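Residue-level listing of the chains:
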Amino acid sequence: MRFRPQVPKVAVELPQGTGNGPSVFAFSMAKAGSTLLYNMLSKLAPSADLTYFSIEDFLFSHNVSPVNRPGYIGDVIRPKGYCYGGFRQYPAFRVPGLNKAKATFLVRDPRDMMTSLYFSLLGSHQVPKAEEVAKGENEPAGAAERLLKARARLQTTDINTFARRSVNTYLKIFEGYVAQGFAWRQNVAIYRYEDVIFAKDDWVRDICEWYGWDIDPAQQRQVAAMFDERPTEERPLEHVRQVAPGNYRAHLTDATSAVIVDALAEYMRLFGYIK
């Protein structure tokens, strides 16, 4: 007898679109500067005749945990009218139109991503509110519960132990994107965090050119400045803890860095983080 897996289903509520421009996509990874990218796009999209929408944020706010993403979300990806962001891993559900639509992909040195993720889970990562959890899909361990449990475990877990345990998580994220051809798709523009974090004016301008958005240059600069936060010292309990590339060196041992590089060498080499 053939076995047919159960495909998790969640009904995602797509907001009413206000424009008719061609839809675009934006992808990233956990702690790669993804929130920065998506915040900027949410401000730019309306001027490009698009409505910004994050399916992932919708699921998280409804207490659907990242490890139980649905395989079906309904007919919410439309060819016109939307800028779809919020992705921090390639989703389990279909992404219609991705072969033709313009997309961006933001990556970062995984050693910095793991360092940032540790501090985020330890204190600054947002937890779904009680009223949002009540609207959730009644998961036995939803996003809120999983996040709170992870935060409790980290109280007695040092950052190097955490980073070593996170290797497989990032391995799967890299594998998912590369399996979808994100390293060579002609319709995907790749940005590295290290190249853009201190050049936001140029980054915003390039994103607009890539998507074909005719947005006033003054507005572009205004959006770039709005999110150009540069802490002078580390702020462990804030979302923008620090932004300088290579911060992992202040927290990870050489042995831990070696473990990460060994496990992710193929992908770090692909995106120019090692030779």
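Our structure's up above, just so we're on the same page.
**Student:** What is the right way to read the overall build of the protein from this model?
**Tutor:** Helices and strands together make up the secondary structure of the protein, namely 10 helices and 5 strands. In the protein, buried positions account for 50% of the 275 residues. For the protein, the proportion of contacts with a sequence separation of at least 24, taken over those separated by at least 6, is 81%. Of the roughly 14200 Å² that the protein leaves accessible, carbon and sulfur atoms contribute 50%.

**Student:** Would you mind going over the environment of Met40 with me for this structure?
**Tutor:** Mapped onto the elements, Met40 comes out in helix H1 (residues 34-44). Residues Met40 and Val204 lie 164 residues apart in sequence; the distance between their C-alpha atoms is 8.1 Å. Contact partners of Met40, with chain neighbours within four places excluded, come to Trp203, Val204, Val223 and Phe227.

**Student:** Just to check I follow, could you spell out the packing of aromatic side chains for this structure?
**Tutor:** Aromatic rings in a pair are described by how distant their centres are and how their planes are angled relative to each other. In this structure the tally under the stated criterion is 21 aromatic pairs. When the centroid spacing of 5.4 Å and the interplanar angle of 85 degrees are considered together, the rings of Tyr118 and Phe119 count as edge-to-face. The two residues Tyr118 and Phe119 agree in class, both being buried. Directly above the aromatic system of Tyr72 lies the positively charged group of Lys9, at a separation of 5.8 Å from the ring centroid. In this structure, Arg108 is placed above the aromatic ring of Tyr193, and the distance from its NZ or CZ to the ring centre is 3.9 Å.

**Student:** Explain the nonpolar core to me, please; I cannot follow it from the model alone.
**Tutor:** Here is a general trend for soluble globular proteins: nonpolar side chains tend to be buried in one another's company. One finds Phe25, Phe27, Met29, Leu41, Ile55 and Trp213 to be the most contacted residues of the largest nonpolar core, which totals 83 residues. In this structure, Met29 is in contact with Ser34, Phe87, Arg88, Phe105, Leu106, Val107, Met113, Tyr170, Ile173, Phe174 and Tyr177, ignoring residues within four places of it in sequence.

**Student:** How do you make sense of the sheet that holds strand S2 (residues 51-54) when you look at a structure like this?
**Tutor:** Consider a sheet: its strands pair through backbone hydrogen bonds, and that pairing is either parallel or antiparallel. Read from one edge to the other, the open sheet built from 5 strands follows the order S2-S3-S1-S4-S5, with strand pairing classed as parallel. The outermost strands of the open sheet, each flanked by one partner alone, are S2 and strand S5 (188-192). Put simply, the sheet's adjacent strands are angled 20 degrees from each other on average, direction ignored. The pairing of S2 with strand S3 (residues 82-87) spans 4 bridges and is classified as parallel. The partner of Phe53 across the bridge, within S3, is Tyr84. Of the strands in this sheet, strand S1 (24-27), S2, S3 and strand S4 (103-107) are in contact with H1, which crosses S1 at around 155 degrees.

**Student:** Mind showing me how you'd approach the environment of Val196 here?
**Tutor:** Summarising the element assignment, Val196 is placed in helix H7 (residues 193-196). The buried category is assigned to Val196, whose relative accessible area is 7%. Residues Val196 and Leu106, spaced 90 residues apart in sequence, show a C-alpha to C-alpha distance of 9.7 Å. Setting aside chain neighbours within four positions, we find Val196 in contact with Leu106, Tyr191 and Trp203.

**Student:** Just checking my understanding: could you explain the pattern of salt bridges for this structure?
**Tutor:** If the charged atoms of two oppositely charged side chains come close together, the side chains can form a pair. Across all of its chains, the model carries 7 salt bridges by this definition. The partner of Asp228 in a salt bridge is Lys200, and the shortest N-O contact between them spans 2.8 Å. Of the two residues, Asp228 is situated in the loop between helix H9 (217-226) and helix H10 (254-270) and Lys200 in helix H8 (residues 200-211); the sequence distance between them amounts to 28 residues. Judged by its relative accessible area of 31%, Asp228 is partly exposed. Among the ionic pairs, Arg230 bridges to Asp228, the shortest N-O distance being 3.1 Å. Here the salt bridges do not stand alone but share partners, grouping Lys200, Asp228 and Arg230 into one network.

**Student:** Before we go on, may I ask you to explain the environment of Thr51 in this structure?
**Tutor:** You can see Thr51 is positioned in strand S2. Sequence separation of Thr51 and Thr18 is 33 residues, and the distance between their C-alpha atoms is 6.3 Å. The contacts of Thr51, once residues within four sequence positions are left out, are Pro15, Gln16, Gly17, Thr18, Gly81, Tyr82 and Cys83.

What counts and what doesn't
Residues numbered from 1 in each chain as written. Predicted model: local features only at pLDDT ≥ 70, side-chain atom pairs only at ≥ 80, totals over all residues. Heavy atoms only, no water. Helix = DSSP H or I, 4+ residues; strand = E, 2+ residues; numbered from the N terminus. Buried < 20%, exposed > 50% of the residue type's maximum accessible area, 1.4 Å probe, protein only. Contact = heavy atoms within 4.5 Å. Areas by Shrake-Rupley, 256 points an atom, 1.4 Å probe, with all protein chains shown as cover. Phe/Tyr/Trp six-rings, centres within 6.5 Å; stacked < 30°, edge-to-face > 60°. Lys NZ or Arg CZ within 6 Å of the ring centre and 35° of its normal. Core = buried A, V, L, I, M, F, W, Y, C linked by side-chain atoms within 4.5 Å. Pairing = 2+ DSSP bridges. Axes fitted to C-alpha atoms, helices over the stretch in contact; angles between N-to-C directions. Salt bridge = Lys/Arg side-chain N within 4 Å of Asp/Glu carboxyl O.

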